[in-house]
Amino acid sequence: MNERVLRVLLLLLLALAALLISHLEPVRVLEGALYDRALAWNGEGMRDPRIVVIGIDPASLEALGPFPWPRSIHARLLEVLRRQGAEVVFFDLIFDTPGTRGVEDDREFARALKRFGKVVLASSVSEQDARENRMGPLLPMLAESARCGVINRKRDPDGVIRWGILAVAALEPPAPSAALQMLRLDSDDPPCGFQPDQVTLGDRRIPTSGSEPFEVPIRFRTSPPPLSYVRVLREEVAQEELRGRLVLVGAHGTETQVDTFATPSGWRPGVEIHAALLDTLLAGRFIRRVSPAWDFLTILLACLVTGTLVGRARSVPAAALAAGLVATLLLVGFVVLLRRGWWIGALGPVLGVFMAFGLAWILRLVQVRNLLAQFVAPSQVGEMLKSDQATSLGGNQVQATVFFTDIRGYTTLSESRSPVEVLEILNQYHSRVGEIYARRGGTVMTYQGDAQIVLFQHQGLQGSLAVVRAVQAGLEMQQAIEGMRQQWALGPDERFEVGVGICSGPVSVVTVGAESHKQFTILGDTVRRASEVQGLSASLEAPVLLDPVSRELAGGAVLVDPTGPVELPGSAGPVLLYRARGVSEQG
């Protein structure tokens, strides 16, 4: 499989793994904390002034006695609110049993509900209620006199309430929440529609995006202090504070209160959570959680970008790059959330960055280890990697067979063909002979224009076998070039011949280049001699030419013809070279 395709497939698997991990409870808890912090930094402003909370507070309990109170007290409160001009009233109290003062007490409250008209009473839907497709119990005479609104709540894995339930989908038809019922009554009671991705209220569209149907993120804005129940009852509150208001009545600030919940803005009484949901609906600035498909795409993009960039960087810049990508992802997530209202999971892409970073370095480590194993003993590879010598090789001598090639006729060819044609010919040539080298166990160390230096390392091989493989590569290359010449349709004046010089001996494996970009190469007298031997291949009419050391190592495994003594620079005297013509059966 192509290395690039394999890398992309691995990144796809990493993205899928990051998506699955991002849905684990600990990660969701941390994701929720980031969401809360983003909203806190932004500052959500003040709640809609039309919303008023009347609290059953310690002062009210002291003045009116312990709870529950006679329902005639709530009837009196409704009369006060009606005279003061309140628009809609919601009681965050459950009236599921008869009152303590008898039936007449309940009737008085029911009459007050009818006189006011726009009142919502709290109800809940349990699992048993859902199975029986009914609302929670509510005293019949009260249920007939007011609108019922569900007060079910949803807590995230960390116990924090971030989502408001607009309706309970388990019932048919869905049961609207108290906040949605208040909005309906405030809007002249338009028809309510429930669709998978939205709730409609007349012309008003409320997008939903939770894990369950009909859920919407609540924007918890700063709320003013509640009005004391007893002060409103005694008409000690100015009429302008109540006229046209949407009033929510519930427990607030009592020491024994159990109706208190964690929210992104701290602990709040249940009635304040309903007020915040109503405020969110009135403001119309909804936060929408993106679908898992979009989460996966953002994670995949983070993985691909990280894998591409980190794979090309050195260790320190790569770590800095990964850190920069993480910071960028968090910043972009915050900006999109606060400015556009889209809640994109931030930790999934961050996990993708870390996992892609780890994969890139594992692949690089494997690549470097495999490359080093061609030049040094396997026992030394681990130590070199631990001591960070893998990218700073110098003076590491190995025994090897050097295969030096050069194209003859390249200058004439470049003069008779366009640069594009010459480049295409060179690319085809390098690609074809590269396959031959790889098949025979050679490693291309350097491209020098139209020349190549290929290493057949002795480590793990007998020296004779390295020479045999080099000769096989040289002879196979000559056959391939003959086929390519016909394919290129070279003219009578266009030459394309390749000479090969093969020498064996010690070479030094080093890295050269700037700190930001280094590559391996080999140096030494063996490399110099291979270049000089190749330079004589044309005059000696020997396409593949061996030095005496390589001939001796190969023994009878390589079929050669001596070319006669020649002078080589740096040699003490004439040197006998050998023209390769094949490999024996034992080779």
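Here the structure is a predicted model, which means the values were calculated and not measured.

Interpreting fine coordinate detail is not advised for predicted regions of low pLDDT. The share of residues in the protein with pLDDT of 70 or more is 89%, and the mean pLDDT across the chain is 85. Contacts for the low-pLDDT stretch residues 387–393, under 50 throughout, to residues beyond four places or in other chains number 15 contacts.

It is at 8 Å that the axes of helix 4 (residues 71–84) and helix 5 (residues 103–116) come closest, and there the two elements cross at 20°. Taken together, helix 4 and helix 5 sit at an angle that is classed as roughly parallel. Judged by the twist between their axes, the crossing of helix 4 over helix 5 is left-handed. Contacts from R71, S72, H74, A75, L78, E79, L81 and R82 in helix 4 reach D105, D106, E108, F109, A112, L113, R115 and F116 in helix 5.

A few words now on the pairing of strand 1 (residues 51–56). Counting buried positions along strand 1 yields six of six residues, so the element is predominantly enclosed. Residue alternation in strand 1 divides its side chains into two sets, I51, V53 and G55 and V52, I54 and I56, and both sets are buried.

This part takes up a nonpolar patch on the surface. A surface patch of nonpolar side chains, amounting to about 340 Å² of accessible area, comprises V5, V8, L9, L12 and L304. Ranked by the residues each element gives to the nonpolar patch, the list is headed by helix 1 (residues 3–22), at four residues.

Per the stated rule, a full pass over the model turns up twelve aromatic pairs. With 4.9 Å between their ring centres and 75° between their planes, W488 and F496 make a pair best called edge-to-face. As far as burial versus exposure is concerned, W488 and F496 are alike and both buried. Of note, R288 hangs over the ring of W342, and the distance from its end group to the ring centre comes to 4.5 Å. Above the ring of W343, the side-chain terminus of R289 is found at 5.4 Å from the ring centroid.

Close contact between helix 16 (residues 419–440) and helix 17 (residues 463–488) brings their axes to 9 Å; oriented N to C, the two are set at 150°. When the interaxial angle is binned, helix 16 and helix 17 end up roughly antiparallel. The handedness of the crossing between helix 16 and helix 17 is right-handed. Residues I425, Q428, Y429, R432, V433, I436, Y437, R439 and R440 of helix 16 lie in contact with helix 17, whose contacting residues are R469, Q472, A473, E476, M477, A480, I481, M484, Q487 and W488. Taken together, the residues of the contact of helix 16 with helix 17 break down into eleven nonpolar, three polar and five charged.

This model, assessed by the stated rule, comprises two cavities of 30 Å³ or more. Here the largest cavity defines a volume of roughly 100 Å³. N152, G164, I165, H274 and L277 are, among the 16 residues lining the largest cavity, the residues nearest its centre. Listed by contribution, the elements that provide at least two residues to the lining of the largest cavity are strand 5 (163–165), helix 8 (178–186) and helix 10 (270–283).

Another point: the layout of surface pockets. There is about 530 Å³ of room inside the second largest pocket. In this structure, the second largest pocket is lined by 24 residues; those nearest its centre are H23, R28, W163, S211 and R289. Among the elements of the structure, helix 1, helix 2 (25–42), helix 11 (292–310) and helix 13 (347–372) are those that each provide at least two residues to the lining of the second largest pocket. Looking at the lining of the second largest pocket, its residues break down into eight nonpolar, nine polar and seven charged.

The rules behind each value
- Residues numbered from 1 in each chain as written.
- Predicted model: local features only at pLDDT ≥ 70, side-chain atom pairs only at ≥ 80, totals over all residues.
- Heavy atoms only, no water.
- pLDDT = per-residue confidence, 0-100.
- Contact = heavy atoms within 4.5 Å.
- Axes fitted to C-alpha atoms, helices over the stretch in contact; angles between N-to-C directions.
- Helix = DSSP H or I, 4+ residues; strand = E, 2+ residues; numbered from the N terminus.
- Parallel < 35°, antiparallel > 145°, perpendicular 65-115°, else oblique.
- Left-handed = near helix turned anticlockwise from the far one by under 90°.
- Buried < 20%, exposed > 50% of the residue type's maximum accessible area, 1.4 Å probe, protein only.
- Patch = residues over 30% accessible without salt bridge, like charges linked within 9 Å, V, L, I, M, F, W, Y side chains within 5 Å.
- Areas by Shrake-Rupley, 256 points an atom, 1.4 Å probe, with all protein chains shown as cover.
- Salt bridge = Lys/Arg side-chain N within 4 Å of Asp/Glu carboxyl O.
- Phe/Tyr/Trp six-rings, centres within 6.5 Å; stacked < 30°, edge-to-face > 60°.
- Lys NZ or Arg CZ within 6 Å of the ring centre and 35° of its normal.
- Nonpolar A, V, L, I, M, F, W, Y, C, P; charged D, E, K, R; others polar.
- 1 Å grid on protein atoms, 1.4 Å probe; cavity = no way out; pocket = protein on both sides within 12 Å on 5 of 7 lines; lining within 4 Å.
- Points joined across faces, edges and corners; volume = space filled by probe spheres on them.

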